[in-house]
Amino acid sequence: MSHTSGVRQAQKQKTRQALLDAALGLLEEQSLSSLGLREVTRAVGVAPTAFYRHFRSTADLGVALVEEALGSLHPMIRTTVSPAEDSDERIARAVELIAGHVAAHPAHVRFIARERHGGVQPVREAIREQLARFAEEVKAELAKDAASAGWSDADLRMVAGLYVDQMLITASLFLEALEAPQEERRRAAETAARQLRLISIGRAHWLD
């Protein structure tokens, strides 16, 4: 690759990221279905035609935001359910990891929470596919645990789905408490831990 083409590619990637960042900022106050590409390009300071060099539509941009928001989380999700010394340690680690992620990426978390059941079908499908991947990865981690001995594949998939859904609920709890006093954030963490513990208790006695 020549120096000129390398510079051009870097600039293209920079503009693409600027469009994603601008869209994410605008989506703090509205849904993707109401977002216009002119709003996005105006925020970046490029012509509307420049948008189509990077995305086919705002739906395509939304799918890219889903990948940005969830694509890098697979190692973290696996870590939250990987075998630890005991269930309480695992739960505490999960709650801490989710709280840290929400604090670091609130706009991404808010985008996923809103668009998971939003009006843009390709984005809903992209989120559903990512969550299905999470569930399969969680299932694979749970299968390594001695507590899963005797579990059917279908039951492991079911409890993996419960864990993934609960992680989303936990993220929403922390998102709501993000600007709240420390005491309220502490209560959110306690609630999240109790909810995850309930799943663990049910899992421990499922084969009974």
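Counting restarts for each chain, with residues numbered from 1 along the sequence as it is written. Given that the model is predicted, a residue must reach a pLDDT of at least 70 before its local features are reported, and side-chain atom pairs must reach 80 or more before they are shown or counted; all residues, however, enter totals for whole chains, interfaces and linings. Heavy atoms throughout the structure, all of them, feed into the side-chain values; hydrogens and water do not.

### Here's the deal with helix α5 (residues 74-81)
What counts here: For each residue, the accessible area found with a 1.4 Å probe, counting protein chains only, is set against the maximum for its type, and the residue is called buried under 20%, exposed over 50%, and partly exposed in between. Helix and strand definitions follow DSSP, with helices as H or I runs of at least four residues and strands as E runs of at least two, each counted in order from the N terminus. Taking the helix axis as origin, the arc is that swept by the directions to the C-beta atoms. We call two residues contacting when some pair of their heavy atoms lies within 4.5 Å.
Along α5, the positions that sit buried rather than exposed are His74, Met76, Ile77, Thr80 and Val81. Down the axis of α5, the sector holding all buried residues measures 165°, keeping them to one side. The elements touched by buried residues of α5 are α4 (58-70), α6 (87-104), α8 (121-143) and α9 (153-176).

### Focus on the packing of α9 against helix α10 (residues 182-204)
Quick note on the threshold: Axis definition: a line fitted to C-alpha atoms, limited for helices to the stretch in contact. Angles are taken between N-to-C directions and run from 0 to 180 degrees. Orientation is classified from the angle alone, with under 35 degrees giving roughly parallel, over 145 giving roughly antiparallel, 65 to 115 giving roughly perpendicular, and any other angle giving oblique.
The geometry of α9 relative to α10 is characterised by a closest axis approach of 10 Å and an angle of 170° between their N-to-C directions. Overall, the two elements α9 and α10 adopt an arrangement that is roughly antiparallel. Counting all contacts with α9, which are made through Val159, Leu162, Tyr163, Gln166, Ile169, Thr170, Leu173 and Phe174, the residues of α10 involved are Arg185, Ala188, Ala189, Thr191, Ala192, Gln195, Leu196, Ile199, Ser200 and Arg203.

### Observations concerning α8
Operational definition: What a helix is expected to span follows from its residue count: subtract one and scale by 1.5 Å.
Counted at 1.5 Å a residue, the expected span for α8 with its 23 residues is 33 Å, and the 33 Å between its end C-alpha atoms agrees. Along α8, the residues that are buried comprise Val123, Ala126, Ile127, Gln130, Leu131, Phe134, Ala135, Glu137, Val138, Lys139, Glu141 and Leu142. Considering only its buried residues, α8 is in contact with α4, α5, α7 (106-115), α9 and α10.

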